[in-house]
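Read off the chains here:
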Amino acid sequence: METLSRDETVALRKKHVASCVELFFNDDPLKIVKGVGQYMFDEKGNKYLDCINNVAHVGHCHPHVVKCASEQMSLLETNSRFLHDNLVIYGKRITQYLPKELQICFFTNSGSESNDLAMRIARRISGGYDVIVLDHAYHGHLTNLVSISPYKFAHPSGDGKQEWVHVAPVPDSYRGKYRSSEYSEDEISELYFQEVVKLVENAEKSGRKICLFYAESLQSCGGQIVYPKNYLKKCYQYLQPKGILCLADEVQTGFYRTGSHMWGFQSQGEDLIPDFVTIGKSMGNGHPVSCLVTQTSHAQKFGEKGLKYFNTYGGNPVSMAVANAVLDVIEKEKLHTHVHEVSTYLLNELERLKQKHEIIGDVRGYGYFIGIDLVKNRQTREPAIESARIVLRAMRDAFILLSLDGPYSNVLKIKPPLCFNMDNAKLLIETFDRILADLKLKAQL
Ligand code: PMP
C-alpha cells in the first residue's frame with residue numbers, strides 16, 4: 001500500500017510542500033495509509049482509534065459511500081453546468097432537515113467557499129459591508145475568511161483586525177468575560193448578548209453598516225465552547241429585524257455531531273431560523289463537498305441584474321453521489337441514536353476523572369463534540385499548555401488520536417466518527433486516566 005518509504009515521503013514533502021502547511025503532530029507526523037470505521041492504520045500496520053477526524057463522519061471508507069462514489073465515477077463526472085438528478089435530490093433531502101424557510105442550496109467544494117459566498121450574498125442584498133464574528137472563531141482559509149477569523153488574524157502571525165470586522169466576545173462561561181462561577185446561565189446569556197448589542201450600536205454610531213453575523217453553533221477552534229441557553233436566539237431576534245443576516249456555521253457541528261439534533265443551532269431553540277446555514281466536512285465523509293443553504297428571497301435578490309453564479313466542481317455528480325450516500329447511511333443506520341448514550345457515558349466519566357485529577361479544569365460539550373480544558377491551577381484557570389502536549393502525545397503512543405485547540409492550545413478535543421462505540425469510549429477513559437496518573441507521578445519525582 002506504501003509507494004514510498006516514510007523517510008522518502010517526508011523528504012519529498014519538505015521539498016515540494018510549504019512548511020507552513022500544517023500536519024497533525026507536526027514534529028513527528030503520522031503516515032496514515034488506510035481507514036476503516038473509527039480506525040486508521042499507519043504504514044507499519046498500527047491501528048489508531050480516530051477521535052481527531054471530524055470528516056470521516058459515518059466511518060472511514062464506509063462501503064455504501066465508496067460504492068456510490070465509484071459507481072457514479074464510472075458513469076459520469078463532469079462540470080456542474082448540466083442537469084443532474086444527484087444534485088436536485090440532495091437539495092430536496094437536505095432542506096427537509098432545515099427550517100422550511102431554507103430551501104435554496106448553493107453547492108461548493110469546501111466550508112470556506114460556502115462561508116465566503118454567504119458574505120458575497122449578504123453584501124449584495126443588504127447594502128451593508130461589515131460583519132460580526134465571535135472572538136476565537138475560525139470560518140475558513142480564503143482571504144476574506146481569514147479576515148473575519150480572530151483565530152487567524154489575531155494570532156501573532158496574523159494581519160490584525162480590519163475595520164469592517166466587529167468581534168463580539170465568545171459566550172464562554174468557563175474562561176470568558178462572564179463566568180459560571182459568578183453568574184447564572186441566564187445572566188451569562190444576557191450579558192454576552194448585551195455585548196453584541198453594544199457592538200452594533202457602536203458600529204452604527206460610527207456610520208458602519210453591518211450585513212452579516214457569523215457564528216458556529218458550538219465553537220470548535222475556540223476550544224469546544226458551548227453557548228449558554230438562548231444566546232443565539234437572543235442575537236438572532238435582535239439582529240434579524242435590523243436587517244443583519246444571521247449565519248449558522250455548521251461545518252463542524254452538523255449531521256448529528258452533537259447527538260441530539262441534526263444541526264447544532266437547533267440546540268438553541270427549534271424556532272431559530274438562520275438566513276444562511278453552511279455545511280461541509282461530514283457532508284462528504286472526507287470527500288470535498290459543501291453547501292450554503294439560504295432563503296429563497298435572498299437567493300432571488302442575489303440573482304438580480306442578471307448575476308450568474310458558477311462553480312466548476314460545486315455540486316458535481318460524484319460529490320453529490322457521495323453526499324447522498326452519507327445521508328443514506330445516517331438515515332438507515334441511525335448512527336446518531338447511540339451518540340447520546342456513549343457521550344453521556346464519556347461526559348460522566350470525564351467528570352469523575354475531574355474529581356480525581358486536578359489538571360482537568362473543565363469538561364464540556366455534547367454528543368461527539370467534547371472538550372477537556374487542562375489547567376495548571378483550578379482557581380486561576382491558567383492553561384496547562386505543556387502538559388496538554390504531553391498528554392496528547394501519550395494518547396497517540398497509546399494509539400488514540402485526539403487534537404488540541406483553543407486560544408492556548410490546552411483543550412483536548414474529542415470528535416470521533418459517529419460509529420465510535422461504548423468499547424471505544426471505555427478504552428479512551430481508561431487510557432486517559434492512566435496517562436494523567438503517570439503525569440502526576442512524574443511531576444512528583
Ligand atoms: N467553518 C468552520 C467552523 C471550520 O471548522 C472550518 C474548517 N476547519 C471551515 C469553516 C472551513 O472549512 P474548509 O476547511 O472545508 O474550507
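See above for the structure.
Keep in mind the model is a prediction, meaning the values are calculated, not measured. (Residues numbered from 1 in each chain as written. Predicted model: local features only at pLDDT ≥ 70, side-chain atom pairs only at ≥ 80, totals over all residues. Heavy atoms only, no water.)

Attention shifts here to the site of the ligand. Lining the immediate surroundings of the ligand are 13 residues, of which Gly-111, Ser-112, Asp-249, Gln-252 and Lys-281 lie closest. A distance of 3.0 Å is found between an oxygen atom of the ligand and a backbone nitrogen or oxygen belonging to Gly-111. At 2.7 Å, a side-chain N or O of Asp-249 approaches a nitrogen atom of the ligand. Contact with the protein chains removes 85% of the 390 Å² of surface that the ligand exposes when unbound. (Near = heavy atom within 4 Å. Polar contact = N/O pair within 3.5 Å; in protein donor to acceptor, adjacent residues only side chain to side chain. Areas by Shrake-Rupley, 256 points an atom, 1.4 Å probe, with all protein chains shown as cover.)

The next subject is the pattern of salt bridges. By the definition in use, this model includes 26 salt bridges. The partner of Asp-373 in a salt bridge is Arg-364, with the nearest N and O atoms 3.0 Å apart. Comparing Asp-373 with Arg-364, the two get one shared label, buried. Linking Lys-376 and Glu-382 is a salt bridge whose minimum nitrogen-to-oxygen distance equals 3.7 Å. Classification of Lys-376 as exposed rests on a relative accessible area of 62%. Glu-382 sits in the partly exposed class, given a relative accessible area of 40%. Because the salt bridges share partners, they merge into one network encompassing Arg-6, Asp-28, Glu-43, Arg-393, Arg-396 and Asp-397. (Salt bridge = Lys/Arg side-chain N within 4 Å of Asp/Glu carboxyl O. Buried < 20%, exposed > 50% of the residue type's maximum accessible area, 1.4 Å probe, protein only.)

Mapping His-298 onto the fold places it in helix α9 (residues 296-302). Classification of His-298 by relative accessible area gives buried; the value is 11%. Residue contacts for His-298: discarding those within four places in its chain leaves Ile-121, Ile-125, Leu-245 and Asp-275. (Helix = DSSP H or I, 4+ residues; strand = E, 2+ residues; numbered from the N terminus. Contact = heavy atoms within 4.5 Å.)

Moving on, we get to the packing of helix α2 (residues 63-75) against helix α10 (residues 317-333). In helix packing, the relevant descriptors are the interaxial angle and the interaxial distance, both defined with respect to the helix axes. Direction vectors running N to C along α2 and α10 enclose 155°, while the axes themselves pass 8 Å from each other. In terms of orientation, α2 and α10 fall into the roughly antiparallel class. Of the two possible hands of crossing, α2 and α10 adopt the one that is right-handed. Side by side, α2 and α10 meet where His-64, Val-65, Cys-68, Ala-69, Gln-72 and Met-73 of the first sit next to Pro-317, Val-318, Ala-321, Val-322, Ala-325, Val-326, Asp-328 and Val-329 of the second. Considering only residue class, the contact of α2 with α10 consists of eleven nonpolar, two polar and one charged. (Axes fitted to C-alpha atoms, helices over the stretch in contact; angles between N-to-C directions. Parallel < 35°, antiparallel > 145°, perpendicular 65-115°, else oblique. Left-handed = near helix turned anticlockwise from the far one by under 90°. Nonpolar A, V, L, I, M, F, W, Y, C, P; charged D, E, K, R; others polar.)

Here the focus is the packing of aromatic side chains. One pass over the full model with this rule turns up twelve aromatic pairs. With a centroid separation of 5.8 Å and 75° between ring planes, the pair formed by Tyr-129 and Trp-164 is classed as edge-to-face. In this pair, Tyr-129 is assigned in the loop between α4 (111-126) and β5 (130-134) and Trp-164 in the loop between α6 (150-153) and β6 (165-168), connecting sequence segments 35 residues apart. According to the relative accessible area criterion, Tyr-129 is partly exposed, its value standing at 43%. What makes Trp-164 buried here is its relative accessible area of 7%. Ring geometry for Tyr-178 against Tyr-192: centres 5.0 Å apart, planes inclined by 75°, an arrangement best described as edge-to-face. Placement of Tyr-178 in the loop between β6 and α7 (185-205) and of Tyr-192 in helix α7 is noted, with a sequence separation of 14 residues between them. Considered together, Tyr-178 and Tyr-192 belong to a single accessibility category, that of buried residues. Three or more aromatic residues joined by ring pairs form one cluster here, namely Phe-106, Phe-302 and Tyr-309. In this arrangement the basic side chain of Lys-34 is found over the ring face of Phe-41, its NZ or CZ atom lying 5.0 Å from the centre. One Lys or Arg, Arg-81, reaches over the ring of Phe-310 and ends 3.6 Å from the middle of that ring. (Phe/Tyr/Trp six-rings, centres within 6.5 Å; stacked < 30°, edge-to-face > 60°. Lys NZ or Arg CZ within 6 Å of the ring centre and 35° of its normal.)

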